[in-house]
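# Summary of the model geometry
The chain contents come next:
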Amino acid sequence: MDCITTIQKAIQYMEENLLEDISYHDAAKQVYMSSYHFHRTFSMITGITASEYIRNRRLSMAGQEIIMSDAKIIDLAYKYGYDSPESFTKAFSRFHGVAPSS
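Residues numbered from 1 in each chain as written. Predicted model: local features only at pLDDT ≥ 70, side-chain atom pairs only at ≥ 80, totals over all residues. Heavy atoms only, no water.

### Quick notes on a nonpolar patch on the surface
Using the following cut-off: Residues enter patches when they are more than 30% accessible in relative terms and free of salt bridges; like-charged ones are connected within 9 Å and nonpolar ones (Val, Leu, Ile, Met, Phe, Trp, Tyr) within 5 Å. What sets the accessible areas is the Shrake-Rupley method with a 1.4 Å probe; for residues, cover comes only from the shown protein chains. By convention in these notes, a salt bridge is any Lys or Arg side-chain nitrogen within 4 Å of a carboxyl oxygen on Asp or Glu. Starting at the N terminus, helices and strands are each numbered in turn, a helix being any DSSP run of H or I of at least four residues and a strand any DSSP run of E of at least two.
Residues Ile4, Met44 and Ile45 make up a contiguous nonpolar surface patch of roughly 310 Å² in combined accessible area. Position of Ile45 among the secondary structure elements: in helix H3 (residues 35–46).

Shown next as structure tokens:
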């Protein structure tokens, strides 16, 4: 299996489990790579770390959910893996350029 196919399988795993408590270590296990090698390979191929990918996808999904529903910010913060609404708001604002309440 080549590196690109391996990373695609890891991304598929991450996408299927975005709402779970996953990390790049879990994705590495799914494609039978050491965490170190997976981290380096993923970064080299995608230009971002696997942890950044997971965080960015969660924030992207949260943005879509804010637009499409009346969910409370606190509920979304916990749903997408943040410990507090404040940390979610800070990350969301950094990623989207606007506060989630906007």
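### Remarks on unusual backbone geometry
Put simply, the test is: Burial status follows relative accessibility: with a 1.4 Å probe on protein chains alone, a residue under 20% of its type maximum counts as buried, one over 50% as exposed, and anything between as partly exposed.
The backbone of Tyr32 shows a phi angle near 60°, a positive value even though the residue is not glycine. If you trace the backbone, Tyr32 turns up in the loop between helix H2 (24–30) and H3. Residue Tyr32 is classed as exposed on the basis of its relative accessible area, which comes to 78%.

### As for the side chain of Glu65
Selection rule: Under the rule applied, a polar contact is a pair of N or O atoms within 3.5 Å (in protein, one hydrogen donor and one hydrogen acceptor; residues adjacent in sequence only if both atoms are side-chain atoms). Throughout, a contact is declared for two residues whenever any of their heavy atoms are within 4.5 Å.
Within the secondary structure layout, Glu65 lies in helix H4 (residues 50–68). Judged by relative accessible area, which is 19%, Glu65 ranks as buried. In this structure the side chain of Glu65 is engaged in a polar contact, spanning 2.6 Å, whose partner is the side chain of Tyr80. Among residues more than four places away in sequence, those in contact with Glu65 are Ala71, Leu76, Lys79 and Tyr80.

### As for the nonpolar core
One recurring pattern in soluble globular proteins is that nonpolar side chains are buried together. The criterion, for reference: Residues belong to one nonpolar core when they are buried, are Ala, Val, Leu, Ile, Met, Phe, Trp, Tyr or Cys, and are joined through side-chain atoms within 4.5 Å.
Within the largest apolar cluster, 16 residues are counted, with the highest numbers of intra-cluster contacts made by Ala10, Met14, Ala27, Phe38, Phe42 and Ala50. Of all the secondary-structure elements, those providing two or more residues to this core are helix H1 (3–16), H2, H3 and H4. Broken down by element, this core gets its largest block of residues, four residues, from H1. What Met14 contacts, discounting residues up to four positions off in sequence, is Ile22, Ala27, Phe38, Phe42, Ala50, Tyr53 and Ile54. One finds Ala62, Ala77, Tyr80 and Tyr82 within the second-largest nonpolar core, a separate group that totals nine residues.

### Considerations on the packing of aromatic side chains
Rule in force here: Note on aromatic contacts: the rings of Phe and Tyr and the six-membered ring of Trp form a pair at centre separations within 6.5 Å, being stacked when their planes are under 30 degrees apart, edge-to-face when over 60 apart, and tilted otherwise.
Inspection of the entire model under this criterion finds four aromatic pairs. Judged by centre distance (5.7 Å) and plane angle (45°), the ring pair of Phe38 and Phe42 falls under tilted. Remark: Phe42 and Phe38 occur in helix H3; sequence separation between them is four residues, near one turn of the helix. By relative accessible area, which is 0% here, Phe38 ends up buried. The exposure class of Phe42 is buried, given its relative accessible area of 0%. Summarising the aromatic geometry, the rings of Tyr82 and Phe88 are spaced 5.5 Å apart at their centres and angled 65° between planes, so their arrangement reads as edge-to-face. For the pair Tyr82 and Phe88, a shared accessibility class is recorded, and that class is buried. Through successive ring pairs, a cluster of aromatic residues spans Phe38, Phe42 and Tyr53.

Fair warning: the whole summary comes from geometry, so function is off the table for now.
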